[in-house]
Amino acid sequence: METLTKTNYNFPGQTAVYHGKVRDVYTVNNDILVMVATDRISAFDVILPEGIPYKGQVLNQLATYFLEATADIVPNWRLATPDPMATVGYRCEGFPVEMIIRGYLTGSAWREYAAGCRELCGVKLPDGMRENERFPEPIITPTTKAAEGHDENISREEIIAQGLVSEADYEVMERYTRALFERGTKMAAEKGLILVDTKYEFGKRDGKVILIDEIHTPDSSRYFYAEGFEERFAKGEPQKQLSKEFVRQWLIDHGFMGREGQQVPEMTPEFCREVSQRYIELYEHVTGRRFEAAPAANLEERIASNVTNCLQELAN
């Protein structure tokens, strides 16, 4: 099955390109961004060697779904979604931090807590918490947005003191982060899911703080199934979840955590299909819509045509 793991477009008016871990971002006339969601998958800040069928389409369509559903509470960068794997929107000056918000003690936060950490990004954590326990109220644990290598935890105070974000802009980002998480939590609950934690990225355009990139997708968020959550938590059992965490856990079980000298285990076609099905399952569960797989042949040509037509319409 064809997957899109690299792109090399030259759109009309293109002035720059950035190849991220998963998305390739093309700048047009220094004012418009074309964000192509590829089928690449990353974990532990490493791009894994095999693409995942339909992953880019799932991510892009989920991002569109949530950007549309939250535009009434937070302004965002999106203008159009001309292709199942591409979004076109305004270019913003991105802030060099990511806003991570957590409703439950799990994932990397739990691993640090279990190792004795009782303060995360300046937020004090109570003693006696258990894995997957809900926080009294969601906590914000920002990270620096590293151009290369690992993102680093950082506190609100450090962000402001280092001049990464002004205090006024940070307060807006914090308010938007809580509003988005509240909306996402409500939308997830309506579909029998728990939005456990997620990350948001913001930028600035015309003096305003704007939500950029994707939101509430399995690459940026963790979901638990609500049904059976309390029973599993009471027994100390792992939660049934829809997120990329199972990929990380599979890598850990096969001796890979992105450290020097470690080898990525073989990603068989069967494993890639399983990952693909997990992404599609999340899309259908979160949206309540059936996933309509776009034709997998000639992906590059299709995206180029759809995006070029969109750019021409925006220019007119």
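*Asks:* I'm lost on the pattern of salt bridges in this one. Help?
*Replies:* Opposite charge on two side chains allows them to pair when their charged atoms are near. Applying the stated criterion to the full structure yields 23 salt bridges. A salt bridge links E190 to K186; the shortest N-O distance between them is 3.2 Å. Within this pair, E190 and its partner K186 are both found in helix α4 (residues 167-190), separated by four residues, close to a single helical turn. We classify E190 as exposed; its relative accessible area is 52%. In this structure, E201 and K199 form a salt bridge, with 2.9 Å as the shortest nitrogen-oxygen distance. Put simply, E98, K145, K199 and E201 are held in one network by salt bridges that share partners.

*Asks:* Any chance you could explain the sheet that holds strand β2 (residues 23-28) here in plain terms?
*Replies:* Where strands meet in a sheet, backbone hydrogen bonds hold them as pairs that are either parallel or antiparallel. Read across the sheet, five strands follow the order β1-β2-β3-β7-β6 without closing on themselves; strand pairing throughout is antiparallel. Each having just a single partner strand, β1 (14-19) and β6 (78-83) make up the two edges of the open sheet. Mean inter-strand twist for the sheet, computed between neighbouring axes without regard to direction, equals 20 degrees. Two elements, β6 and strand β7 (residues 86-90), share three bridges in a ladder whose sense is antiparallel. Looking at the pairing, A80 lines up with V88 of β7.

*Asks:* Which parts of the structure should I look at to understand the side chain of T70?
*Replies:* Along the chain, T70 turns up in helix α1 (residues 55-70). For T70, the side chain forms a polar contact with the main-chain oxygen of F66, separated by 2.8 Å. Non-local contacts of T70, meaning those with residues more than four positions away in its chain, are made with L180, R183 and I215.

*Asks:* Whenever I open this one, helix α2 (residues 107-114) confuses me. Can you help?
*Replies:* Because each turn of an α-helix spans 3.6 residues, side chains separated by three or four positions end up pointing in the same direction. Among the residues making up α2, those that are buried are G107, A109 and Y113. In an axial view of α2, the angular spread of the buried residues amounts to 145 degrees, which keeps them on one side of the axis. Taken together, the buried residues of α2 touch β9 (97-104), β10 (119-120) and β16 (221-225). Of the residues trailing α2, G116 is marked for its positive phi of about 110 degrees.

*Asks:* Just checking my understanding: could you explain the environment of N60 for this structure?
*Replies:* Mapping N60 onto the fold places it in helix α1. Between the alpha carbons of N60 and R23 there is a distance of 9.7 Å; along the sequence they are 37 residues apart. Contact partners of N60, with chain neighbours within four places excluded, come to M35, A37, T81, D83, P84, M85, A86 and T87. Within polar-contact distance, the side chain of N60 engages the backbone oxygen of D83 at 3.2 Å. Side-chain polar atoms of N60 contact the side chain of T87, separated by 2.7 Å.

*Asks:* Sorry if this is basic, but what is going on with the packing of aromatic side chains here?
*Replies:* Note on aromatic pairs: each is described by the distance of the centres and the angle between the planes. This structure, assessed with the given rule, holds 13 aromatic pairs. Seen in terms of ring centroids, W110 and Y113 are 6.0 Å apart; in terms of plane orientation they differ by 25 degrees. Their pairing is stacked. Here W110 pairs with Y113, and both are found in helix α2, just three residues apart, close to one helical turn. The ring of F233 carries R130 above its face, with NZ or CZ at 4.2 Å from the centroid. One cation-aromatic arrangement involves K240 over Y225; the distance from NZ or CZ to the ring centre is 4.3 Å.

*Asks:* Can you walk me through the nonpolar core in this structure?
*Replies:* Generally speaking, nonpolar side chains in soluble globular proteins are found buried as a group. F202 and Y223 are the most contacted members of the largest nonpolar core, which has 61 residues in total. With 17 residues, the next largest nonpolar core counts Y26, I32, I303 and V307 among its residues.

*Asks:* What should I look at first to understand the state of the cysteines in this one?
*Replies:* By definition, a disulfide is the covalent link that joins the sulfur atoms of two cysteine residues. Taken as a whole and judged by the stated rule, the model has zero disulfides. Considering cysteine sulfurs only, C117 is the nearest to C121, which forms no disulfide, with 8.7 Å between them.

*Asks:* Is there a simple way to think about a nonpolar patch on the surface in this case?
*Replies:* Together, L79, Y90 and L314 line one region of the surface with nonpolar side chains, adding up to about 230 Å² of accessible area. Inspection of the secondary structure puts L314 in helix α8 (residues 299-315). In this structure L314 comes out as partly exposed when scored by relative accessible area, which is 41%.

Cut-offs used in this document
Residues numbered from 1 in each chain as written. Predicted model: local features only at pLDDT ≥ 70, side-chain atom pairs only at ≥ 80, totals over all residues. Heavy atoms only, no water. Salt bridge = Lys/Arg side-chain N within 4 Å of Asp/Glu carboxyl O. Helix = DSSP H or I, 4+ residues; strand = E, 2+ residues; numbered from the N terminus. Buried < 20%, exposed > 50% of the residue type's maximum accessible area, 1.4 Å probe, protein only. Pairing = 2+ DSSP bridges. Axes fitted to C-alpha atoms, helices over the stretch in contact; angles between N-to-C directions. Polar contact = N/O pair within 3.5 Å; in protein donor to acceptor, adjacent residues only side chain to side chain. Contact = heavy atoms within 4.5 Å. Arc of directions from axis to C-beta. Phe/Tyr/Trp six-rings, centres within 6.5 Å; stacked < 30°, edge-to-face > 60°. Lys NZ or Arg CZ within 6 Å of the ring centre and 35° of its normal. Core = buried A, V, L, I, M, F, W, Y, C linked by side-chain atoms within 4.5 Å. Disulfide = S-S within 2.5 Å. Patch = residues over 30% accessible without salt bridge, like charges linked within 9 Å, V, L, I, M, F, W, Y side chains within 5 Å. Areas by Shrake-Rupley, 256 points an atom, 1.4 Å probe, with all protein chains shown as cover.

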